[in-house]
Amino acid sequence: MYKISKENLPELYKAIAAVNSLYIPVKTAGQTNFAAWTETADVDLETLKTVKSPKDAFFPQCENIYTCERDGKKIKITPEELASESFVVFGMKACDVRGVEVLDKVFLADPIDTFYAARRDHGIIVAMACNEPELSCFCKVFGIDCSEPSGADVVTWLVNNELFWKPVTEKGEALTESVKSLLKDADDAAVEETKSNIKNIVEKIPNMSLSLEGWGRDDKLERFNSPIWEDLYNPCLACGTCTFVCPTCQCYDIKDYDTGHGVQRYRCWDSCMYSDFTLMAHGNNRTSQMQRFRQRFMHKLVYYPTNNDGMYSCVGCGRCVDKCPSNLNIVKVIKAFGKEAGV
C-alpha cells in the first residue's frame, strides 16, 4: 500500500494525464460530474456522488457508429474507430464500479458490443471508498462494501490529509509503477480504522437494511400482476431522470443525422420511461405509463437477476432517490412490496 498527501494530488493527476487520458470528478456551476482533467479543473473528491454516474466513460451518452457519404451514385460507409488509447477514471465509488460490472454482462455477452469492449480494454478504474455514506444510499442491500470497492484496478481511501493507494490488478500495478515516484510506502492501520468507521456509518442508515425478499426469483407473474403498481406509478412524470442518472441503465436508441452531404448514424441513451421508447410503425408493446414504470423496476429486480446468476441491476447508489421530482424510486417500490408481504 502507498500514500500521497492531498496537497500533492495535482502532481499525481498531472503524472497520470501525461500517459493516459484522465477523467475525474470536476465541479462546474455548482454541480460535480466526471469530466476530462485539466490543470485548471476544479477537482472535487469530497462530493460523495456525482450527479451522473461515470458509466459514460465506457458507455457514452452519445457516440457515432458510422458515417455514410454520397459521391454521385456511390456511397462510402466509414465505421467509427474503436477506442485505442488508455484512460483512467479516477474516484469511482463502489456502487459505480459495480454498475460497470452490470454493464459488462450486457455489452460483453454475445454478440459483444465492440465499442464498449474497446473502452473496457483500455479503461483503468481507480476507485475511492465512501468516507460518509448518505441517507439515500443503500448499496449494502446488494452486497456492496463501500469501505473497500471491489472490481477496480486501484482502490484508494482519503484519510485526513492523505490519499492511500492500493493496486489490485495488473492494470493497477502498471499505473502505480508509472506514478510511483510520487507515492510513499504506507501501512494499512489508518485505512483499517477508516474502513471500520465507514461500516459503522453504514449500519446506521435505514435504507441499508431493506429486504429483497420475493425479488430476483423465477416466479415473475406474481409481482408483474400485482395491483401495487397501479398505486405506485401515478405520480410518475415520465421525465426519465431516474434512467439518466442510473449507473446501470443500458437502453439506447439509434438515430441518423443528415449532415448535408451524407448521414451520420449515432446511438444515444434512451429511457424505458418514455412513451416513444421502442416505438415502431406498429406502435410499441407498453401503451401506458404504469406498464413502463413497472418494466423499469421488474427489470432491475426480477428480469436481470433471473438472467444473470442473481446479480441485481440496481447498485443502491441512491441517485434516483435524490433526483426524482415526484419522490418515486426503487426504494419506495421495494418497501411497498415488503409491506404487502409483511416484511
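Our subject is the structure listed above.
Each value, and the rule that gives it
- Residues numbered from 1 in each chain as written.
- Predicted model: local features only at pLDDT ≥ 70, side-chain atom pairs only at ≥ 80, totals over all residues.
- Heavy atoms only, no water.
- Core = buried A, V, L, I, M, F, W, Y, C linked by side-chain atoms within 4.5 Å.
- Buried < 20%, exposed > 50% of the residue type's maximum accessible area, 1.4 Å probe, protein only.
- Helix = DSSP H or I, 4+ residues; strand = E, 2+ residues; numbered from the N terminus.
- Contact = heavy atoms within 4.5 Å.
- Expected span 1.5 Å × (residues − 1).
- Arc of directions from axis to C-beta.

K.L.:
Would you mind going over the nonpolar core in detail, with residue names and values included?
P.N.:
Counting 53 residues, the largest nonpolar core has Phe142, Trp215, Trp229, Phe293, Leu301 and Ile330 as the members making the most contacts within it. When residues of this core are traced back to their parent elements, those giving at least two are helix H2 (94-107), strand S8 (154-159), helix H5 (189-203), helix H7 (228-233), helix H9 (289-307) and helix H11 (330-340). Residue contributions to this core peak at seven residues, all from H9. Leu12, Trp37, Val126 and Leu183 belong to the second largest nonpolar core, which has 23 residues in total.

K.L.:
Go over the side chain of Gln295 with me, naming the residues and quoting the values.
P.N.:
In this structure, Gln295 sits in helix H9. Among all residues touching Gln295, those that are not within four sequence positions of it are Arg286 and Tyr303.

K.L.:
Summarise the environment of Pro60; cite the residues concerned and give the values.
P.N.:
Among the secondary structure elements, Pro60 is positioned in the loop between strand S3 (31-36) and strand S4 (62-71). Put simply, Pro60 and Phe115 are 55 residues apart on the chain and 9.8 Å apart in space, counted from C-alpha to C-alpha. Leave out the neighbours within four places in its chain, and Pro60 touches Arg119 and Trp269.

K.L.:
I'd like a rundown of H2, residues and numbers included.
P.N.:
Counted at 1.5 Å a residue, the expected span for H2 with its 14 residues is 20 Å, and the 20 Å between its end C-alpha atoms agrees. Within H2, eleven of the 14 residues are buried, which leaves the element mostly enclosed by the surrounding structure. Buried residues of H2: Ala94, Cys95, Asp96, Val97, Arg98, Gly99, Val100, Val102, Leu103, Asp104 and Phe107, and no others. On the buried face of H2, the contacting elements are strand S6 (87-92), helix H3 (114-122), strand S7 (123-128), strand S11 (252-258), H9 and helix H10 (319-323).

K.L.:
Please give an account of H5 that cites residues and values.
P.N.:
For H5, spanning 15 residues, the distance from its first C-alpha to its last is 22 Å, which sits close to the expected 21 Å at 1.5 Å a residue. All buried positions along H5 are accounted for by Val191, Thr194, Lys195, Ile198 and Val202. All buried residues of H5 fall inside an arc of 100 degrees around its axis, so they share one side. Facing away from the buried side of H5 by over 90 degrees, the exposed positions are Glu193 and Glu203. Here the buried face of H5 lies against S8 and strand S9 (162-167).

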